[in-house]
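Examination of the molecular architecture
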Amino acid sequence: SQLFIKDLHFDGVPMRIYLPRKPSASKRRGVIYIHGGCGIFGSTRSYERICRYIARKCDSVVASVGYHLAPEHKYPAQSLECLAATVHFLKTAETYGVDPTRIIVCGDSVGGTFTAAVCQELGHRTDIPKICAQVLIYPFLQALNFSLPSHQKNAAIAFLSRERTVHFILKYLNKDCSLKEPILAGAHVPESINLKYKKWINPDLIPDVFKLGYKPPLPTLFLPQVHKEVQELFEPLLSPLLAEDAVVCGLPDTCIVTCEHDVLRDEGLLYKKRLEDNNVRVTWHHLEKGFHG
């Protein structure tokens, strides 16, 4: 009763827009919401309650992105659709009574991946309004190391175990799921890439309070054939933590939410440090009793 809800398309991408009915004296804030679901589940419909809640509580116009799901729509269609929808909303914000300088992009899980990727792609664009901020809710941010402290601690946690994380990534990329075990062991990463990204993806960068009981993994044998099969894992569109500093320094103010009982916890912590090292303002919320999903 408090909202107008419309189904639209932005450049061919299905969208659901939530507009507060109550008149506003000035232009409202805008929220682009990108849902989670590993890129293979979820919809605007399944995130209806969340988006309504945000629109009401924040008195904002919410644009929920109904990107097409994998594997029927092949990677990187999902990231590219989120990017196209965001650009369209930034350009047409005033049509919906939104101040184009007060738009944030928000996503959970793989929606956080797409949010991070969109903000990286748009960070240095000057032809459209700047994104005001990004909100990453327990995002997936890298596919190099699945032996970080949070992977070990929460390996068998309900809903998103360590094994299921890699299983869903392979499903999303339409790859053979027999690749799961070597990827979990790190056999897909050559030593040159490990050395290159050690400065960003490294348990030593995670605060000690999050490393209780952590055991460094044993060295693993590199398998060139596995590496060749999963080149997508090394692209910033899928692993935003691998973006260069020149990209990261152009990112907007960021809010990161992490959960203690979540395999992806440490990816949020590592991205937080990268952003701070590049002078990006970060607000961090950690839920000690929180879990993925």
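Before going into details, it helps to say that this report is about the structure given with it. (Residues numbered from 1 in each chain as written. Predicted model: local features only at pLDDT ≥ 70, side-chain atom pairs only at ≥ 80, totals over all residues. Heavy atoms only, no water.)

Overview of the layout of surface pockets
The method is simple in principle: a probe with the dimensions of a water molecule rolls over the atoms, and the space it marks as empty is what remains. Of the pockets and cavities examined, the largest pocket occupies roughly 690 Å³. Around the largest pocket, the lining comprises 25 residues; the ones closest to its centre are Asn145, Glu191, Asn194, Pro217 and Leu218. Tallying contributions element by element places helix α7 (residues 191-197) first for the lining of the largest pocket, with four residues. Class assignment for the residues of the lining of the largest pocket results in 16 nonpolar, six polar and three charged. Size it by volume and the second largest pocket reaches roughly 250 Å³. In terms of lining, the second largest pocket is formed by Arg29, Gly30, Val31, Ile54, Cys58, Ser60, Arg102, Ile103, Ile104, Cys106, Cys132 and Val135. A total of four residues in the lining of the second largest pocket trace back to one element, the largest contributor, which is strand β5 (residues 98-108). Across the lining of the second largest pocket, the residue classes tally to eight nonpolar, two polar and two charged. (1 Å grid on protein atoms, 1.4 Å probe; cavity = no way out; pocket = protein on both sides within 12 Å on 5 of 7 lines; lining within 4 Å. Points joined across faces, edges and corners; volume = space filled by probe spheres on them. Helix = DSSP H or I, 4+ residues; strand = E, 2+ residues; numbered from the N terminus. Nonpolar A, V, L, I, M, F, W, Y, C, P; charged D, E, K, R; others polar.)

A short note on empty space enclosed by the protein
One pass over the structure, following the stated rule, counts two cavities of 30 Å³ or more. A volume near 140 Å³ is recorded for the largest cavity. Lining the largest cavity are Cys38, Ser109, Val110, Phe140, Leu160, Thr165, Phe168, Ile169, Tyr172, Leu238, Leu264 and His292. Among the elements that line the lining of the largest cavity, the one with the most residues is helix α5 (residues 162-172), at four residues. Looking at the lining of the largest cavity residue by residue, the class counts come to nine nonpolar, three polar and no charged. Per-domain counts for the lining of the largest cavity show at least three residues from each of domain 1 (3-142 + 237-291) and domain 2 (149-234). Taken as a whole, the second largest cavity holds about 30 Å³ of empty space. Around the second largest cavity sit Ser79, Leu80, Leu83, Ala117, Val118, Glu121 and Leu237, which together line it. (Domains from an automatic or database assignment.)

What to know about the packing of aromatic side chains
The description of an aromatic ring pair uses the distance of the two centres, along with the angle that the planes make with each other. Inspection of every chain in the model, using the stated rule, returns ten aromatic pairs. Geometrically, the ring pair formed by Tyr33 and Tyr47 is tilted, given 5.8 Å between the ring centres and 35° between the ring planes. Note that Tyr33 is positioned in strand β3 (residues 28-34) and Tyr47 in the loop between β3 and α1 (48-58), a separation of 14 residues in sequence. Like Tyr33, the residue Tyr47 is buried in the burial classification. Aromatic pair Tyr197 and Trp200: ring centres 5.8 Å apart, planes at 40°, arrangement tilted. Accessibility assignment for this pair places Tyr197 and Trp200 in one class, buried. Members of the aromatic cluster, each reached through a chain of ring pairs, are Tyr67, Tyr75, Phe114 and Tyr172. Residue placement shows Lys199 over the ring face of Trp200; its charged tip is 4.7 Å from the ring centre. Sitting over the face of the ring of Trp200, Arg274 holds its NZ or CZ atom 3.6 Å from the ring centroid. (Phe/Tyr/Trp six-rings, centres within 6.5 Å; stacked < 30°, edge-to-face > 60°. Buried < 20%, exposed > 50% of the residue type's maximum accessible area, 1.4 Å probe, protein only. Lys NZ or Arg CZ within 6 Å of the ring centre and 35° of its normal.)

Things to note about the state of the cysteines
If you walk through the whole model with that rule in mind, you get zero disulfides. Free of any disulfide, Cys38 has its nearest neighbouring cysteine sulfur in Cys177, separated by 12 Å. Its relative accessible area of 17% is what places Cys38 among the buried residues. Of all cysteine sulfurs in the structure, the one in Cys255 sits closest to Cys259, which takes part in no disulfide; the separation is 12 Å. (Disulfide = S-S within 2.5 Å.)

Topic: the pairing of strand β4 (residues 61-65)
Within β4, five of the five residues are buried, leaving the element largely enclosed by the surrounding structure. By the alternation rule, side chains of β4 split into Val61, Ala63 and Val65 and Val62 and Ser64, which are all buried. Sheet topology places β3 next to β4; five bridges connect them, and they run parallel. Across the sheet, the residue bridging to Tyr33 is Ser64, located in β4. For the segment spanning β3, α1 and β4, crossover handedness is right-handed. (Pairing = 2+ DSSP bridges. Right-handed = clockwise from strand over helix to strand, strands pointing away.)

As for the pattern of salt bridges
Here the idea is simple: oppositely charged side chains can pair when their charged atoms come close. What the rule picks out here adds up to 17 salt bridges. Across the pair Asp127 and Arg125 runs a salt bridge whose closest N-O atoms are separated by 2.7 Å. The residue Lys211 makes a salt bridge to Asp208 at a minimum N-O spacing of 3.5 Å. For Lys211, a relative accessible area of 18% corresponds to the buried category. (Salt bridge = Lys/Arg side-chain N within 4 Å of Asp/Glu carboxyl O.)

Structural measurements only, silent on function.
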